[in-house]
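Commentary on secondary and tertiary structure
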Amino acid sequence: MPRYLIGRLVQFLPTLLGITLLTFVMIRVLPGDPAQFLEGDRGDAASLAATRARLGIDEPLTTQFWIFVTDLLRGDLGRSFITNRPVSEMIATALPQTAALAVSAMLIAVGVGVSLGVVAALKHNTVWDSLLRLVALIGVSIPVFWLGLQLQILFGLQLKLLPVSGAGYDEHLILPAVAASFGMLAVLMRITRSSLLEVLSQDYVRTAHSKGLRPRRVTVRHILSNALLPIVTVWGTGLAGLLSGTLLVEVIFSYPGMGRLLVDSISARDYPSVQGLVLTFALIYALMNLIVDLLYPLIDPRIRFT
Amino acid sequence: MNETFRLQGAVRPDDPTRMALRRLLRSAASVIGLLIVAFMLLTALAAPFIAPYDPVLGDLANDYVKPPSQEHLFGTDAVGRDIFTRILYGGQISLKIALAAQSIALIIGVAVGMTAGFFGGWFDVLLMRMVDVIMAFPLLILAIALLGVLGPSEVNIILALGLVNWTVTARIVRGQVLAAKEMEYVVAARGLGAGSLVLMVRHILPNIIAPVIVYTTLGLGGALLAEAALSFLGLGSAQQATPSWGKMLTESRAFIRSAWWMPFYPGLAILITVLGFNLLGDGLRDALDVRSR
């Protein structure tokens, strides 16, 4: 176990470096000069040079990258071109909002997705099973933002049950979280169903039943615990979809999180905030994947020895 | 004895493509998927001939924001244009972008995976580390950032999606090549003097293409969704007489209070088309006997 843990953590470092490098390169190769953009038509050669020096973009790229990384380690992501606020501060305000939305969506996806998957597997080859498979299929095919719009129209504008925009750790979260959860919910339902069906046909399940264990105990101890690994794997790969979904949902529901901030920053050509936000998104994603990897040996003891 | 031999000689072994096709058509879900995809492609291509109205010119005086009716099946938009007509034309844009982006991703993915797996060594390590880094980003966020850098336009959406979406294909192809490279037919071809390019393209590629076909078909649905999302975020082309489905959704956002049909139908078109690609992809997986990864 410690070796597996250390191995995973060591692998994480090059990933971090790669994320930083790719983000840096992507923003730097942009066509056009940020100084020119900031100054507009007013700038003459001297003031442009001064602005470039102020932004630190007159240095060689290697120096720039070094400065970028050392600043990053101190938590300094630069200042927004538009508001001149530190980017780290803007992210610190938006991050809890996005986290609340993403965590709510994930709870819905895991709770509902896994439960429905269990139902579909236990009712294998019945109408319920077919119906749930159809729901799963629609879930992976539906555009998140369109679902968000339809939920707004139905529950917000027609039935007037829930707010259609704004923030708050209350009923404001319900519609956005449901919309953002749908894709992962469908994927989890699908994998839960198929992995349960596989476990159900195993000999040890028949043995457990025939030695007279109560059905509930067999379901939890023998079936669910063995079906968990593929579910956790898919949960890990589904996180990217969940993050993207959150981003789109934030725009639809005018929810002040990181996704909306990213989209606003891009339309304002605010490169420091774009850079900071993309980096933060990638870090969150990498961290969540790391957590999934570290969960494996807890679920499947065999992994400890590999 | 003789009889049996003659009989066996008479039965020609089935062409694997045909066998796969027969298996595909045996499943109802795959047939539905195939029909949906074919229908969407055909109606988009035939838009100029079957569209009841002009996609660009509206009738502001008579048809301003009309709900669905006999004349306008899906209603009209804010300048009196027929939404059904615009969905037909929008399909051309959406499907074109999805197909083009997925083709770029396919070419890069196959090229990278093939060479990495075939040549191995430091070259393989380098390429696969690159894949790892790109995969460390959520795809849509990387595409958004790229478009922020490249600037919004239709061509740039194709580029951005193509450039971020090849990594899984590369991994699949590399894994297959690693296994295939040790197979007897490859060793034999090499012994007969086949060069690297011939080995890769003539001998290995046809034998490993099945999982790539499956993944690419499923990916078409994903590309369509991503295109719609990016257009929806305003990263598509700003000046467009006939917008993609995603762009139609953006334009309709201001009207969700008064005209539900404006956002409803373009999204439904996306949903049905993606559903078609997913059904077809799942069907192909079974027909080509590709085990899920």
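Residues numbered from 1 in each chain as written. Chains lettered and ligands numbered in written order. Predicted model: local features only at pLDDT ≥ 70, side-chain atom pairs only at ≥ 80, totals over all residues. Heavy atoms only, no water.

1. Points about the overall build of chain A
If you tally the helices and strands in chain A, you get 12 helices and zero strands. Shown N-terminal to C-terminal, the secondary structure of chain A runs as helices and strands in the order α-α-α-α-α-α-α-α-α-α-α-α. The principal-axis extent of the C-alpha atoms belonging to chain A is close to 85 × 55 × 30 Å. Counting every position in chain A, which comprises 306 residues, the buried fraction comes to 45%. Of the contacts formed within chain A by residues at least 6 apart in sequence, a portion of 72% connects residues at least 24 apart. For chain A, the exposed surface amounts to about 15300 Å²; the carbon and sulfur share of it is 65%. (Helix = DSSP H or I, 4+ residues; strand = E, 2+ residues; numbered from the N terminus. Buried < 20%, exposed > 50% of the residue type's maximum accessible area, 1.4 Å probe, protein only. Contact = heavy atoms within 4.5 Å. Areas by Shrake-Rupley, 256 points an atom, 1.4 Å probe, with all protein chains shown as cover.)

2. What to know about the overall build of chain B
Counting its regular elements, chain B contains 13 helices and zero strands. When the elements of chain B are put in sequence order from the N terminus, they spell out α-α-α-α-α-α-α-α-α-α-α-α-α. Projected onto the principal axes, the alpha-carbon positions of chain B cover approximately 80 × 55 × 25 Å. Contacts in chain B between residues far apart in sequence, at least 24 positions, make up 72% of those at least 6 positions apart. Total accessible area on chain B is roughly 14300 Å²; 65% of this is exposed by carbon and sulfur atoms. Averaging the positions of the 22 positive and the 19 negative side-chain charges in chain B gives two centres separated by 7 Å. (Lys, Arg positive; Asp, Glu negative; His and termini not counted. Charge placed at Lys NZ, Arg CZ, Asp CG, Glu CD.)

3. Side note on helix α8 (residues 154–164) of chain B
Residue and element names in this part refer to chain B. Along α8, eight of the 11 residues are buried, which leaves the element largely enclosed by surrounding structure. Of the positions making up α8, those classed as buried are E154, N156, I157, I158, A160, L161, G162 and V164. Of the surrounding elements, those touching the buried residues of α8 are α5 (83–119), α6 (121–135), α7 (139–150), α9 (167–180) and α11 (196–232). For α8, the side-chain oxygen to backbone nitrogen distance between the N-cap and V155 is 3.4 Å, and the N-cap itself is S153. (Polar contact = N/O pair within 3.5 Å; in protein donor to acceptor, adjacent residues only side chain to side chain.)

4. Considerations on a positive patch on the surface
Residue and element names in this part refer to chain A. A surface patch of like charges, here positive, comprises K211, R214, R216, R217 and R221. Among the structural elements, R214 can be located in the loop between α9 (203–210) and α10 (215–252). In this structure R214 comes out as exposed when scored by relative accessible area, which is 63%. (Patch = residues over 30% accessible without salt bridge, like charges linked within 9 Å, V, L, I, M, F, W, Y side chains within 5 Å. Salt bridge = Lys/Arg side-chain N within 4 Å of Asp/Glu carboxyl O.)

5. Quick look at the interface of chain B and chain A
If you look at the interface, chain B gives 36 residues, while chain A gives 39 residues. Interface area, chain B with chain A, both sides summed: about 3500 Å², of which 81% is carbon and sulfur. Together, F137, I141 and V149 of chain B form the three largest contributors to the area buried by chain B at its contact with chain A, with a combined 18%. Applying the counting criterion to the chain B and chain A interface returns one salt bridge. A salt bridge links D282 of chain B to R190 of chain A, with the nearest nitrogen and oxygen atoms 2.5 Å apart. At the surface where chain B touches chain A, the tally comes to six residue pairs in polar contact (both at pLDDT 80 or more). Among the residues making up the side of chain B that touches chain A, the classes are represented as 30 nonpolar, three polar and three charged. (Buried area = accessible area lost by both parts, 1.4 Å probe. Nonpolar A, V, L, I, M, F, W, Y, C, P; charged D, E, K, R; others polar.)

6. Some remarks on the environment of T70 of chain A
Of note, T70 of chain A is situated in helix α4 (residues 61–73). Polar side-chain contacts of T70 of chain A include one of 2.9 Å to the backbone oxygen of I67 of chain A.

7. Things to note about the nonpolar core
Core analysis: the biggest nonpolar cluster contains 136 residues, and L247 and L262 of chain A together with I144, L230 and L233 of chain B have the highest contact counts within it. Contacts of L233 of chain B, omitting those with residues within four sequence positions, involve L247, L248, V251 and V263 of chain A together with I144 of chain B. Within the second largest apolar cluster, 13 residues are counted, among which are M114, V177, I208 and V212 of chain B. (Core = buried A, V, L, I, M, F, W, Y, C linked by side-chain atoms within 4.5 Å.)

8. Points about the packing of aromatic side chains
Geometrically, a pair of aromatic rings is defined through the distance of the ring centres and the angle of the planes. Throughout the structure, instances matching the rule amount to 14 aromatic pairs over all chains. Ring geometry for F264 of chain B versus Y265 of chain B: centroids 5.2 Å apart, planes at 85°, classification edge-to-face. We classify Y265 of chain B as buried; its relative accessible area is 15%. An aromatic cluster is present here, built from W146 of chain A together with F74, F84, W260, W261, F264 and Y265 of chain B joined pairwise through their rings. (Phe/Tyr/Trp six-rings, centres within 6.5 Å; stacked < 30°, edge-to-face > 60°.)

9. Points about the environment of Q11 of chain A
Relative to the elements of secondary structure, Q11 of chain A occurs in helix α1 (residues 2–28). The spatial distance from the C-alpha of Q11 of chain A to the C-alpha of S130 of chain A is 42 Å, given a sequence separation of 119 residues.

10. Focus on α6 of chain B
Helical periodicity: at 3.6 residues per turn, an α-helix aligns residues three or four positions apart in one direction. Between its first and last C-alpha, α6 of chain B extends 21 Å over 15 residues, near the 21 Å set by a 1.5 Å rise per residue. Among all positions of α6 of chain B, only D124, L127, M128, V131, V133 and I134 of chain B are buried. (Expected span 1.5 Å × (residues − 1).)

11. Quick notes on the environment of P138 of chain B
In this structure, P138 of chain B sits in the loop between α6 and α7. Measuring from C-alpha to C-alpha, the distance between P138 of chain B and T216 of chain B comes to 19 Å, with 78 residues separating the pair along the chain. With residues up to four places along the chain from it excluded, the contact list for P138 of chain B reads A240, L243, S244, A282 and Y285 of chain A.

12. Side note on the side chain of T273 of chain B
Residues and elements named next belong to chain B. Locating T273 in the fold gives a position in helix α13 (residues 261–287). On the basis of relative accessibility, which here comes to 1%, the residue T273 falls in the buried class. Setting aside residues up to four positions removed in sequence, T273 forms contacts with I36, M40, L95, L224 and W245.

13. Quick look at the packing of α5 of chain B against α11 of chain B
All names here are of chain B. It is at 8 Å that the axes of α5 and α11 come closest, and there the two elements cross at 145°. When the axes of α5 and α11 are compared, the crossing they make is right-handed. Partitioned by chemical class, the residues of the contact of α5 with α11 number 19 nonpolar, six polar and one charged. (Axes fitted to C-alpha atoms, helices over the stretch in contact; angles between N-to-C directions. Left-handed = near helix turned anticlockwise from the far one by under 90°.)

14. Brief notes about unusual backbone geometry
Residues and elements named next belong to chain A. Despite not being glycine, N84 has its phi angle at roughly 65°, a positive value. Along the chain, N84 turns up in the loop between α4 and α5 (87–122). On the accessibility criterion, N84 (46% relative accessible area) is partly exposed. In this model, N125 sits at a positive phi of 60°, which is unusual for a non-glycine residue. Mapped onto the fold, N125 is located in the loop between α5 and α6 (127–141).

Nothing here speaks to function; it is all geometry.
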